[in-house]
Amino acid sequence: TRIRWAREVAAVIDIPLLVGGGIATLADMGALFEVGVSAVSVNSAAVARPGLIKEAAEHYGSHRVVIAIDGRRNDTLPSGYEVVVNGGRVPTGLDLGTWAREVERRGAGEILLTSMDADGTQAGFDLRMLQAVTATVSIPVIASGGAGSLAHFYDALTVGGAEAALAASLFHYNTLTIGQVKAYLRQRGVAVR
């Protein structure tokens with residue numbers, strides 16, 4: 001189960017652990033926090049019931065509430081992007097920029113922003129999408145979807161305005177190491193932990 005997995009991971013790492021996927025209630029969050037999870041990421045449940053964001057922030061603290069926002073290009077909306085849920089399969093009609101401002105207003109501590117158009121392509125983060133959010137909120141934004149090279153991380157953190165950048169396949173398949181990314185960013189003048 002997710003709780004057992006989270007407990008086992010939290011026990012062997014000494015970095016913050018963010019868990020997302022299928023979290024829909026304060027009880028779901030509390031169970032994860034009890035086993036050592038640092039923060040939770042909520043997407044579909046927050047879109048379905050935005051009041052959950054405020055409840056979670058008030059109960060557990062904004063710093064533990066990350067709202068995942070998945071977006072797809074939709075030029076009919078003001079930001080040019082539409083919020084999608086259920087793994088990017090279901091369009092919501094919500095404008096990405098409007099939703100980002102709303103989750104911040106409701107108390108989210110961070111936004112995990114995934115471009116469903118760029119995800120898995122390794123062609124680079126969607127900088128236009130990142131800018132549509134980072135220019136309108138003051139909370140940290142984590143870029144996700146599209147990392148394929150060292151330069152892509154730099155672009156997301158500078159041009160895109162993200163506070164952090166997420167990648168999966170590059171690290172899973174040893175295309176790059178976290179150490180290589182950190183060294184590259186330091187060389188380019190980006191502060192990293």
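Quick caveat, the model's predicted, so the values are computed rather than measured.

Enquirer: It is not clear to me how helix α2 (residues 26-34) should be interpreted in this structure. Could you clarify?
Expert: One turn of an α-helix holds 3.6 residues; hence residues three or four places apart share an orientation. Restricting attention to buried positions, one finds in α2 the residues Met29, Gly30, Leu32 and Phe33. Buried residues of α2, seen end-on, are gathered within an arc of 165° and therefore sit on one face of the element. Exposed and oriented more than 90 degrees from the buried face of α2 are Ala27 and Glu34. Structurally, α2 contributes buried residues whose contacts are with α1 (2-12), β1 (18-20), β2 (39-42) and α4 (51-60). Positive backbone phi, approximately 110°, marks glycine 36, located one or two places after α2.

Enquirer: Is there a simple way to explain the pattern of salt bridges in this structure?
Expert: For side chains bearing opposite charge, pairing can occur when the charged atoms are close. Throughout the structure, instances matching the rule amount to 7 salt bridges. With a closest N to O distance of 3.7 Å, aspartate 117 and arginine 72 form a salt bridge. Placement of aspartate 117 in the loop between β6 (110-115) and α6 (127-134) and of arginine 72 in strand β3 (residues 65-73) is noted, with a sequence separation of 45 residues between them. Overlapping salt bridges bring together Arg73, Asp75 and Arg128 as one network.

Enquirer: Looking at this structure, how should I read the packing of aromatic side chains?
Expert: To describe a pair of aromatic rings, one takes the distance between the centres and the angle between the planes. Applying the stated criterion across every chain, the model contains 3 aromatic pairs. Ring centres of phenylalanine 125 and phenylalanine 153 lie 5.9 Å apart, and the angle between their planes is 70°; on these two criteria the pair is classed as edge-to-face. Here the residue phenylalanine 125 occupies a position in the loop between β6 and α6, and phenylalanine 153 occupies one in helix α7 (residues 150-157), the gap between them amounting to 28 residues. In this structure, phenylalanine 125 and phenylalanine 153 share a single accessibility class: buried. Across from the ring centre of phenylalanine 33, 3.8 Å away, lies the NZ or CZ of arginine 64, which sits over that ring.

Enquirer: Sorry if this is basic, but what is going on with the pairing of strand β4 (residues 81-85) here?
Expert: The element β4 is extensively covered by neighbouring structure, given that 5 of its 5 residues are classed as buried. Alternating residues of β4 divide into Tyr81, Val83 and Val85 and Glu82 and Val84, and every residue in both groups is buried. Bridge analysis of β3 against β4 gives 4 bridges, and the strand direction is antiparallel. In the strand pairing of β4, arginine 72 is matched with glutamate 82. In this structure, the hairpin formed by β4 and strand β5 (residues 90-95) is closed by a connection of 4 residues, where asparagine 86 is found at a positive phi of approximately 55°.

Enquirer: Any chance you could explain α4 here in plain terms?
Expert: Inspection of α4 places Leu52, Ile53, Ala56, Ala57 and Tyr60 among the buried residues, and these make up the whole buried set. End-on, the buried residues of α4 take up no more than an arc of 130°, which puts them together on one face. Projecting away from the buried face of α4 at angles above 90 degrees are the exposed residues Glu58 and His59. Where the residues of α4 are buried, they touch α2, β2, α3 (44-48), β3 and α5 (96-105). Looking at the residues trailing α4, positive phi occurs at glycine 61, about 100°.

How each quantity is defined
Each chain carries its own residue numbering, running from 1 in the written order of its sequence. Only residues with pLDDT of at least 70 get local features here, since the model is predicted, and only at 80 or more are side-chain atom pairs given and counted; chain-wide, interface and lining totals rely on the full set of residues. Think of the side-chain values as coming from all heavy atoms in the structure, minus any hydrogens and water. Only protein chains enter the accessibility calculation, which uses a 1.4 Å probe; a residue is then buried when its area is under 20% of its type maximum, exposed when over 50%, and partly exposed in between. Every helix listed is a DSSP run of H or I at least four residues long, and every strand listed is a run of E at least two residues long, numbered separately from the N terminus. Read the arc as the range of directions from the helix axis to the C-beta atoms. Two residues form a contact once any of their heavy atoms are found within 4.5 Å. The term salt bridge refers to a side-chain nitrogen of Lys or Arg lying within 4 Å of a carboxyl oxygen of Asp or Glu. Two rings from Phe, Tyr or Trp (for Trp, the six-membered ring) form a pair when their centres sit within 6.5 Å of each other. Planes less than 30 degrees apart are called stacked, planes more than 60 degrees apart edge-to-face, and all others tilted. Placement of a charge over a ring requires the Lys NZ or Arg CZ to be within 6 Å of the ring centre, with the centre-to-atom vector within 35 degrees of the ring normal. Pairing between strands requires that DSSP locate at least two bridges from one strand to the other.

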